[in-house]
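Now for the letters of each chain:
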Amino acid sequence: MQYIDADIPTKVYLSTDVMVDFKHNCTYFGRKCLIVTGKSGAAKSGALSDAIAVLKSESVEYEIFDQIEANPSVETIKLCEQLHFQSKVNYVLAIGGGSVMDAAKAICFALAGINFLVASTESPIPLMVIPTAAGTGSEITQYAILTFNELKTKASIKNLKFPDFAFCNPKYLASLDAKQVVSMYFDISCHAIESSLSVKRGPVQLGHAKTALNLLAQSRSLLNNDLSLANLFRLQLASIEAGVSISKAGTSIPHGMSYPITYNFKVPHGLACATYLADYLQFCPENNVKDLLNAFGYNSASELKAEIHKFSPKIELSEEQKNFFTEQFQQSGKMNAHGPLDIKEVRNMW
Ligand SMILES: [Zn+2]
């Protein structure tokens, strides 16, 4: 099936036979591409060998950069630029999870000779993605989050790039481990809920967010390791729906708080965000919160909090850490997503 949203430039295909759609489109931008992957996920999922078979059958030349790490760094993007800038590829094909897709967005700027760290109006080279994880929504959003080692945290780059095509097959999620799936499940819920409470929320955005939450509610057994194809299909569709929701309204305070936690303690992204989600809800309009929790299948914020903390208990922080992380949080700009809130309230949530 082709997923269509009038405001999103990405053409998204979602099917258990999605390579048929990839075959129809893999020469759309030309016959030379750079495949960008992590060290193992693309191969383990089967997506890499499927994609290469299609590229060969359509006589598309390809190079591979397979060094994207979890929470990819600026240095890795620069390494890819050094190795592949001269190749003059027509497009980038990202095969992997959120880290790979985010890195690929920055690579599209770098390979077009654009400094990806400075806001630019110049056009990057095109991007196709084949997700092997569901959660970040990177397959359908314009955001790229990178690790800035100099700043000791993660942050969004200034340049925005929607993938041009996304080819999603829930079968490629089947090789994920249970912990990764739990993190993705909660990441998607944070995208849906945070965007729905953001100052940029709107009726169309809210429709997408609630659809995502309903899909998650129907797939709650994913939290008990039930990776059935039906559950994975719903997870992938929820990732897309919540991705549309954040592409319109962005994320908010829990995401801003998660970045130093992931950087310093290696807590997976979705779990790091979710740890602070329920506490954050106390600062949001009660009726809106109730409506969202209802769509997600929880009776109260405390019920949700108990569920999340089973998987991701809060990390004890020193006073110095709380101060430093609060400063980093302020630089993330996520406070603007919420509207008026005393920064002391954020500090108290760590
Ligand atoms: Zn996220």
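Residues numbered from 1 in each chain as written. Predicted model: local features only at pLDDT ≥ 70, side-chain atom pairs only at ≥ 80, totals over all residues.

Overview of the overall build of the protein chain
Then step 1. When helices and strands are tallied, the protein chain shows 16 helices and nine strands.
Then step 2. Taken over the C-alpha trace, the protein chain has a radius of gyration of 19 Å; the compact-globule value for 350 residues is 20 Å, and the two agree within 12%.
Then step 3. Its C-alpha atoms give the protein chain principal-axis dimensions of roughly 55 × 40 × 35 Å.
Then step 4. Among the 350 residues that make up the protein chain, the fraction classed as buried is 52%.
Then step 5. In the protein chain, the share of contacts with a sequence separation of at least 24, taken over all contacts with a separation of at least 6, comes to 79%. (Helix = DSSP H or I, 4+ residues; strand = E, 2+ residues; numbered from the N terminus. Rg over C-alpha atoms; globule rule 2.2 N^0.38 Å. Buried ≥ 20, exposed ≤ 12 C-beta atoms within 10 Å, placed from the backbone. Contact = placed C-beta atoms within 7 Å.)

What to know about the UniProt feature "domain: Alcohol dehydrogenase iron-type/glycerol dehydrogenase GldA" (unreviewed entry) in the protein chain
Then step 1. UniProt records the feature "domain: Alcohol dehydrogenase iron-type/glycerol dehydrogenase GldA" (unreviewed entry) for residues 9-170 in the present numbering.
Then step 2. Secondary structure across residues 9-170 comprises 29% helix and 26% strand; the distance between its end C-alpha atoms is 22 Å. (UniProt positions renumbered as here; feature names shortened; annotations may be inferred.)

Things to note about the UniProt feature "domain: Fe-containing alcohol dehydrogenase-like C-terminal" (unreviewed entry) in the protein chain
Then step 1. Feature annotation in UniProt assigns "domain: Fe-containing alcohol dehydrogenase-like C-terminal" (unreviewed entry) to the following positions: residues 186-290.
Then step 2. Within residues 186-290, the helical portion is 74% and the strand portion 0%, while the C-alpha atoms at the span's ends are 18 Å from each other.

Focus on the environment of N149
Then step 1. Note on placement: N149 falls in the loop between β7 (145-148) and β8 (153-156).
Then step 2. The exposed category is assigned to N149, around which 11 C-beta atoms lie within 10 Å.
Then step 3. In sequence terms N149 and G250 are 101 residues apart; their C-alpha atoms lie 24 Å from each other.

Here's the deal with the domain arrangement of the protein chain
Then step 1. When its domains are assigned, the protein chain resolves into domain 1 (2-173) and domain 2 (178-349).
Then step 2. Of the residues lining the interface, 25 residues belong to domain 1; the matching set on domain 2 comes to 27 residues.
Then step 3. Contributing elements (two or more residues each) for the side of domain 1 that touches domain 2: β2 (11-14) and β8.
Then step 4. The element that contributes the greatest number of residues to the side of domain 1 that touches domain 2 is β8, accounting for three residues.
Then step 5. A class-by-class count of the residues in the side of domain 1 that touches domain 2 yields 11 nonpolar, eight polar and six charged. (Domains from an automatic or database assignment. Nonpolar A, V, L, I, M, F, W, Y, C, P; charged D, E, K, R; others polar.)

Some words on the nonpolar core
Then step 1. V36, V92, A104 and I107 are the most contacted members of the largest nonpolar core, which has 111 residues in total.
Then step 2. Ignoring any residue separated from it by four or fewer positions in sequence, one finds I107 in contact with V36, I77, C80 and V92. (Core = buried A, V, L, I, M, F, W, Y, C linked by C-beta atoms within 7 Å.)

Digging into helix α6 (residues 178-196)
Then step 1. With 19 residues, α6 should reach 27 Å at 1.5 Å per residue; the first-to-last C-alpha distance of 27 Å fits that figure.
Then step 2. For α6, the buried fraction is high: 16 of the 19 residues fall into the buried class. (Expected span 1.5 Å × (residues − 1).)

Digging into the packing of α6 against helix α7 (residues 203-218)
Then step 1. Where α6 contacts α7, the axes come no closer than 9 Å and their chain directions differ by 150 degrees. Considering their axes alone, α6 and α7 lie roughly antiparallel with respect to each other. In this structure, α6 meets α7 at a crossing whose hand is left-handed. Taking contact as the criterion, the partners of Y185, I188, S189, A192, S195 and S196 in α6 are, on α7, Q205, L206, A209, A212, L213 and L216.
Then step 2. In the contact of α6 with α7, the residues fall into eight nonpolar, four polar and no charged. (Axes fitted to C-alpha atoms, helices over the stretch in contact; angles between N-to-C directions. Parallel < 35°, antiparallel > 145°, perpendicular 65-115°, else oblique. Left-handed = near helix turned anticlockwise from the far one by under 90°.)

Notes on the pairing of β7
The side chains of a regular strand alternate between both faces of the sheet.
Then step 1. Two elements, β7 and β8, share four bridges in a ladder whose sense is antiparallel. Considered in β8, the bridge of L146 is made with A155.
Then step 2. Hairpin geometry of β7 and β8 is characterised by an intervening segment of four residues between the two adjacent antiparallel strands and by a positive phi of about 60 degrees at K152. (Pairing = 2+ DSSP bridges.)

With respect to the packing of helix α4 (residues 74-84) against helix α5 (residues 98-110)
Then step 1. Running from N to C, α4 and α5 cross one another at 45 degrees; their axes reach a closest spacing of 10 Å. Comparing the axis directions of α4 and α5 gives the class oblique. By crossing handedness, the relation of α4 to α5 is classed as right-handed. Judged by residue contacts, T76, I77, C80 and E81 of α4 engage A103, A106, I107 and A110 from α5.
Then step 2. Within the contact of α4 with α5, the residues separate by chemical class into six nonpolar, one polar and one charged.

Some thoughts on helix α14 (residues 319-332)
Then step 1. Counted at 1.5 Å a residue, the expected span for α14 with its 14 residues is 20 Å, and the 20 Å between its end C-alpha atoms agrees.
Then step 2. Taken together, the buried positions of α14 are F325, Q328, F329 and S332. One side of α14 carries all its buried residues, which in axial view fall inside an arc of 105 degrees. Opposite its buried face, α14 presents the exposed residues E319, E320 and E327, each directed more than 90 degrees away.
Then step 3. Taken from the residues just after α14, G333 is the one with a positive phi, measuring 80 degrees. (Arc of directions from axis to C-beta.)

Side note on the environment of K32
Then step 1. Within the secondary structure, K32 sits in strand β3 (residues 32-38).
Then step 2. C-alpha of K32 to C-alpha of V89: the two residues are 57 residues apart in sequence and 5.1 Å apart in space.
Then step 3. Filtering out sequence-adjacent residues up to four positions away, K32 remains in contact with E61, V89 and N90.

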